[in-house]
Amino acid sequence: MQQERLWTKNFILVALANFFTFLIFYYLLVTLPVYAVQELRSSPSSIGLITTVFLIAAIIVRPFAGKWMGKYGKYIVFLGALAVIDAASLLYFFPHSLVGLLALRFFHGLGFGMATTANGAMVADLIPDSRKGEGMGYFGLTLNLAMVVGPFLGLTAMRHGATTMFAINALCAFVAIAIGLFVRLPKQKMASRSAKARNAATKLWERSAIPVSLLAAFFGLTYSGIISFVSIYAKEAGFPRAASYFFIIYAAVLLISRPFTGKWFDRYGAKVIMYPAIGCFALGTYLLSTASSALLFLASAGLIGLGWGTMFPSLQTIAIQVAPPPNRGLATATFLSIFDFGFGGGSFLFGLAAAQTGYSVLYFGSTFLILAGIGLYYWLDQRSGATSETTVQKAS
């Protein structure tokens, strides 16, 4: 039996638009704090607001984006989101105070929240049901690649001044919307929906996706601490040069493993993937906490990349599959909104706790938090059957 086609023109275009959306996010994540301190004379204690305000806006808008997709269609929200990001990117040249920059970050965050919600919902429609795990896995790679390319490009652009830095950012936003204009959803996906779809347009949350979204947020508590503080931890541990290679190793392992893990998800079901992935994530975090050399530090990056890089798209796929087809956009919005609460809260709490205990002790304790997630996943699976081997076959 011939496999349904995955690598269609529209799938590739939506994936590329998602890549540039996250590339801009990570590009500004590393450049704006430095810009705020050096150019706007902001205090170091206030620059954390640059990311916080952005994520708050994304969290606020996502439930509404899911609702708007049900009412107006995914493609309209998708293009509108890219237009907001494009406008925000052009406006970065103008703020001359932290307050102005924060207002712009909130506006940009609205576009980011809409775009990531619409991208995930659209690609879920474009991926054949028999290849959902594989397709979502490849789609997730766009985020992981942006995580590596964005900071590298940003740090390089900073050497040439703020004008060049913001010009490159605006160019990336222009490319994103140019790509988006060529996307064409299948007609049956764009047609006005049934009573179920119209009912979805009145909701802000997809209830069926909430349990697995809460589980993703739980794991995100630890993941956010790794992302936010691993470079500081590497300097304290005595191998600062290795910090720049951490996410390169992380992404390399993802690129190698993703073709296999996505196919295994589709063929054998979520449980065969999730339990080993959680174990890899826990082992990588433990190795990170005890790393006594750069080699062990980078080995932990590979294990964390394999574990988290498999877990996150798998959980997002489950959230989409357990929802009725008309509600997949809403399920994506629900998943990302709840996950962002966990990710954002974890980064804040991790920073407070690390000041008292140190990063090594906190990473060590996080290992047991991740292992506790095995029990939570088992409970979720037994309670709802949402992660059973038949999930793929039940989706429609």
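In this text the structure is predicted, and so the values were computed from the model without any measurement.

Asks: Would you explain helix α5 (residues 132–158) in this entry?
Replies: Residues lying three or four places apart along an α-helix face the same way, a consequence of the helix completing one turn every 3.6 residues. Compared with an ideal rise of 1.5 Å per residue, which puts 27 residues at 39 Å, α5 spans 39 Å between its outermost C-alpha atoms and is within 8% of the ideal. Along α5, the helix axis deviates most sharply at Ala146, where the bend reaches about 25 degrees.

Asks: Is there a simple way to explain helix α12 (residues 294–321) in this structure?
Replies: With 28 residues, α12 extends 40 Å from end C-alpha to end C-alpha; this agrees with the ideal 40 Å at 1.5 Å per step. Judged by how many residues are buried, α12 sits mostly within the fold: 21 of 28 residues are covered.

Asks: Is there a simple way to explain the nonpolar core in this structure?
Replies: For soluble globular proteins, nonpolar side chains are generally found buried alongside one another. Counting residues in each nonpolar core, the largest one holds 119 residues, and the members touching the most others are Phe219, Phe246, Leu288, Phe297, Trp308 and Tyr363. With 17 residues, helix α1 (residues 9–38) is the single largest residue contributor to this core. With residues near it in sequence (within four places) discarded, Leu288 still touches Ile226, Val230, Tyr233, Phe246, Phe297, Ser300, Ile304 and Tyr363.

Asks: How should I be thinking about the confidence of the model for the chain in this particular structure?
Replies: A low pLDDT score tells you not to read the predicted coordinates there in detail. The predicted model of the chain averages 82 in pLDDT, with 89% of residues at 70 or higher. Looking at the elements of the chain, mean pLDDT is at its lowest for helix α15 (residues 391–394), recorded as 42, and at its highest for helix α3 (residues 74–91), recorded as 95. Taken together, the stretch residues 189–195 has pLDDT below 50 and engages in seven contacts with residues farther than four places along the chain or on a different chain. Predicted confidence is poor over residues 386–396, with pLDDT under 50, and the contacts of this stretch with residues over four places away or in other chains come to 29 contacts.

Parameters at a glance
Residues numbered from 1 in each chain as written. Predicted model: local features only at pLDDT ≥ 70, side-chain atom pairs only at ≥ 80, totals over all residues. Heavy atoms only, no water. Helix = DSSP H or I, 4+ residues; strand = E, 2+ residues; numbered from the N terminus. Expected span 1.5 Å × (residues − 1). Bend = angle between axes of the 7 residues up to and from the residue. Buried < 20%, exposed > 50% of the residue type's maximum accessible area, 1.4 Å probe, protein only. Core = buried A, V, L, I, M, F, W, Y, C linked by side-chain atoms within 4.5 Å. Contact = heavy atoms within 4.5 Å. pLDDT = per-residue confidence, 0-100.

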